[in-house]
Structures are given as C-alpha cells and as structure tokens.
Amino acid sequence: MINELPPAHGVFRSERKMKIFTFLVVCFASVALADDFKAIDGKEYKNVKVSRVEPDGIVLISKSGISKVYFTELPKAVQERFHYDAAQAAAYSAEQTTSQVALQTQQAELRRKLAEEKNRYWTGQEPAKNQETKVRTPAAIVAGRGQQVEVISHGAPVDITKHLALGNVTVVDFYADWCGPCRQLSPSLEQMARTDPEIALRKIDIVNWKTAVVKQYNIRSIPHVNVYNRSGRLVGTVVGPDVKEVKRHVAQAKTGG
C-alpha cells in the first residue's frame, strides 16, 4: 500500500502540470490570435490582436495602428475573459497618474532651468559654451530647406493652435516611441518637412495612454496625424501609417482646403 502512493502522487502532479499547461496555451492563444471586439457604445475593433493586457484595459494592434480600450468600455463577458478587477484597475490608474504627475513636474523643472540658463546668458552672467549640454530643450530641429520639426509635448497638455505655422501647412503627429507603426510613418513625415518649405511638422509624444494630452485630444489610436491648412484650419485626420493619405490632405491644405 505504501509503495503504491508515490506513483499515484506522480500521476496527480502530471495531471496538474497538464492543466496548467493547457491554461497557459489558452491564455496565449487568446492574446496572440486575431480577434474582434465591440465596445458598449457600439464601436467595433475587427481583426485585431491583443498585444498587452493591462489591469484597466487591453492594447490592440491592427493594420491602422495601436489602440487601447478600457475594460469599462467593454461588455462584461470581455471583462471576465481577461480577469478584469475594478480594484486592481483603480490602483493601476492611480499609479499611472502619479507617474505622469512626476514626469510633468520633472519637465517643468527642466523648462525652468532652461529659462534660467537662457536668461543668464542673455544678461551676460554666463558664457554660452556648453549651453546645449546643460539643459536639452524638447524641440528637435531637422536641418534642411523645410520648416522646423518640433516635439511640442511629452504627454503634457498643449495648445496646438499656438504651434501652427500659419502661412504654411502644419502636420501634427501624435506618436509614441514604443509604437511600431509610428516608427514606420515618422521618417516619411520628417522627409516631407525636410524637403518641402511649405510643410511644418509638429510631433506630440503621448508617452502612454494615461497622459493628459491623450485625454485632451481624445486620442484612441496611434499614429494619429492632423493636417492644418495655411490659415490654421483642420483639413483632415489620418489614423494609421498611411503616408499617401497624409500627402493627400497636405495637397488639399496647400490649395486652401
């Protein structure tokens, strides 16, 4: 009797491992395979892949780009499928908000230091050498015959109207460093601005889906590109790495939109 126990125990462990393995396979399949989702408000996400599951929502990848859909916007069945827990989601959101506040505080401090450095330079209190290495400005200028390419926000709220190149066409690109489709589109946009003096490119780094600028402009998918005509009127919006559609809106904006 005693000698028979170990084999039985071994069988039990094998069955347990098999159940765990099966569970992991099912979870992996639910994330890796293309799927369709329909939000409570009726919006549909077809043939998308779940690239990441976060406590408060799922990040979807499609041909048009990357989107985040919050569990509160999805049916209960989907919430249960991904083991949504309201308490965990609230804690995660609070953590993300705290991180964002810290980031904004850091950026404000950098801007303050930059202003002080510039003020000391122009008042003759400090030489200009090594000025750029001390405090880096968030704006990035691309040399060439085109307009300035400038990053106007890293997650913080921003008034786009104050950054429009009136008299020329302004392209505003909402992006993130971790977004593959954004990296695919970005070189084409920068090339347009670098070679065409009538195009100015303004870039907004959303950083993550919880930042203030995302909520300010209700950004749900990236890349997200707005094209403004010479008078500052929005001509069109392109969601996804569709450079041809961007060029079409730019051509329209040049002629008055």
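Residues numbered from 1 in each chain as written. Predicted model: local features only at pLDDT ≥ 70, side-chain atom pairs only at ≥ 80, totals over all residues. Heavy atoms only, no water.

Draft legend 1. Summary view of the sheet that holds strand E10 (residues 234–239). Reading across the sheet, the 5 strands line up as E5-E7-E6-E9-E10 and stay open at both edges, with mixed pairing between neighbours. Each of the sheet's edge strands pairs with one partner strand only, and the pair in question is strand E5 (149–154) and E10. With strand direction ignored, the average angle separating the axes of adjacent strands in the sheet is 20°. Strand direction decides the pairing type here: strand E6 (residues 169–175) and strand E7 (residues 199–205), joined by 7 bridges, are parallel. (Pairing = 2+ DSSP bridges. Helix = DSSP H or I, 4+ residues; strand = E, 2+ residues; numbered from the N terminus. Axes fitted to C-alpha atoms, helices over the stretch in contact; angles between N-to-C directions.)

Draft legend 2. Broad picture of the pattern of salt bridges. Counted according to the given criterion, the structure contains 12 salt bridges. Asp56 serves as the salt-bridge partner of Lys210, at 3.0 Å between the closest nitrogen and oxygen. Placement of Lys210 in the loop between E7 and helix H6 (212–216) and of Asp56 in the loop between strand E2 (44–54) and strand E3 (57–62) is noted, with a sequence separation of 154 residues between them. Using a relative accessible area of 16% as the deciding quantity, one classes Lys210 as buried. Among the ionic contacts, a cluster of salt bridges with common partners joins Arg52, Glu54, Asp56, Lys68 and Lys210. (Salt bridge = Lys/Arg side-chain N within 4 Å of Asp/Glu carboxyl O. Buried < 20%, exposed > 50% of the residue type's maximum accessible area, 1.4 Å probe, protein only.)

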